[in-house]
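# Architecture at a glance
The residues making up each chain are set out below.
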Amino acid sequence: MCLSFLVSTFQHKKLVLLNECSQMTEPASLLPDARYQCQKLILVGDPKQLDPTIEGADSVHANGLEQTLFDRLILMGHIPTLLRTQYRCHPHISAIANSLFYGDMLTDGVTETDRQPLLLFLPTLCYYDVSRGTETSEGVGSFYNEAEAGFVFFLLQTFVLCGLGTERLGVITLYRAQVTRINDLLSSGGGDSKGVQVSTVDAFQGGERDIIILSTVRTKGMGFIDNDKRMNVALTRARHHLLIVGHHGNLSTNTLWGKVIQHCNRYADGVQCADEARFGMEQYLLSCSLALEKSAKGDNSQTSRGDNSQPCSGDKSQSSFNITQNSRRSSQSRVKSTRAKKSDIDSNISLVENSKSARKQRVKQGEKRKLL
């Protein structure tokens, strides 16, 4: 945890301001106070998000080291001032945490116009059901889900191919084993998607991205994903798009996650089957590829007449649809292969029929010889 504080003089008294103090242990918060002989103290933090990360035996946790100075002052009767306006999330996204964790007391400092969709086919808020996925334990309290990791990888590839920079994309997952699986796919897949930040909830607190993909991993139980503070952080990192990937049969049985899914279902395309969504995105990319090819052919005819205008500038627009072109080539090769196999089968049938006919003729000739 990075200790952030400001020391100033206010009305001839030394003032200390501690930022993100809800993630500081109490001893860490007291250090700058004692060092600068604090006379006035301002604490800034969100007690409804993650507590300080404490490593050690259970006895360390039992002795209350996770309690922050912020929490202690509230228990002593000090009333905190709520900073009501949020300036990060699209209003549809912020409404989830506002309803679940803040009692609808927050207001939006940004509008839907400020957070318009980055891609036409992508919903602002969506829950993708990967019901065929299965959680796998690594034996150290961590889990991964191959089906979810594969779908997350597909989404990242699609966004990068559509021209979005990796600095705008982020993946949050609730288990370190899933972080490893997704990073392995990104490394082996090549391309520009390697630069995407993939982290656990704890590592992503304080961060934000234009598009956040949240992989919940679990299919048979809840574990620590059933944690208000961890959920609050995970659901409030996205500016334009929040895409939740999970197992509907498992998450819908939980009270909080069930409400998240219900909230997503209020909007058009807010709840989708992952396989159907993938097919739809592939079809969209294919149509864009065809449109690009048609535009390129028209541009070639214009160039022959002396017109040098380009329908798409730069290499990115051309390379962004290579995946669909490869898919079409693969489909065409499968069709050719099927036709070749059919031709082989037809020729084999013809050979068999010719063989039968020749055998019958030999039998007839033999019978004639016997009669003679």
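Preceding this paragraph is the structure being described.
Read on for an overview of the structure.

### Comments concerning the pattern of salt bridges
Across all of its chains, the model carries twelve salt bridges by this definition. A salt bridge links Glu 26 to Arg 72, with the shortest nitrogen-to-oxygen separation between them at 2.3 Å. You can see Glu 26 sitting in helix H1 (residues 26–35) and its partner Arg 72 sitting in helix H3 (residues 69–75), a full 46 residues away along the chain. Owing to a relative accessible area of 35%, Arg 72 belongs among the partly exposed residues under this scheme. Glu 282 is the salt-bridge partner of Arg 278, the closest N and O atoms lying 3.6 Å from each other. Here Arg 278 pairs with Glu 282, and both are found in helix H11 (residues 274–304), just four residues apart, close to one helical turn.

### Points about the layout of surface pockets
The computed volume of the largest pocket comes to approximately 1,300 Å³. Those elements that provide at least two residues to the lining of the largest pocket are strand E3 (40–44), H3, strand E4 (85–86) and helix H4 (91–101). Here the lining of the largest pocket gets four residues from one element, more than from any other, and that element is E3. Considering only residue class, the lining of the largest pocket consists of 18 nonpolar, 13 polar and six charged. Here the second largest pocket is characterised by a volume of approximately 640 Å³. Taken together, 22 residues make up the lining of the second largest pocket; nearest its centre are Thr 53, Arg 176, Asp 202, Phe 224 and Arg 230. When residues of the lining of the second largest pocket are traced back to their parent elements, those giving at least two are helix H7 (201–204) and helix H8 (228–234). The class makeup of the residues in the lining of the second largest pocket is eight nonpolar, seven polar and seven charged.

The rules behind these values
Residues numbered from 1 in each chain as written. Predicted model: local features only at pLDDT ≥ 70, side-chain atom pairs only at ≥ 80, totals over all residues. Heavy atoms only, no water. Salt bridge = Lys/Arg side-chain N within 4 Å of Asp/Glu carboxyl O. Helix = DSSP H or I, 4+ residues; strand = E, 2+ residues; numbered from the N terminus. Buried < 20%, exposed > 50% of the residue type's maximum accessible area, 1.4 Å probe, protein only. 1 Å grid on protein atoms, 1.4 Å probe; cavity = no way out; pocket = protein on both sides within 12 Å on 5 of 7 lines; lining within 4 Å. Points joined across faces, edges and corners; volume = space filled by probe spheres on them. Nonpolar A, V, L, I, M, F, W, Y, C, P; charged D, E, K, R; others polar.

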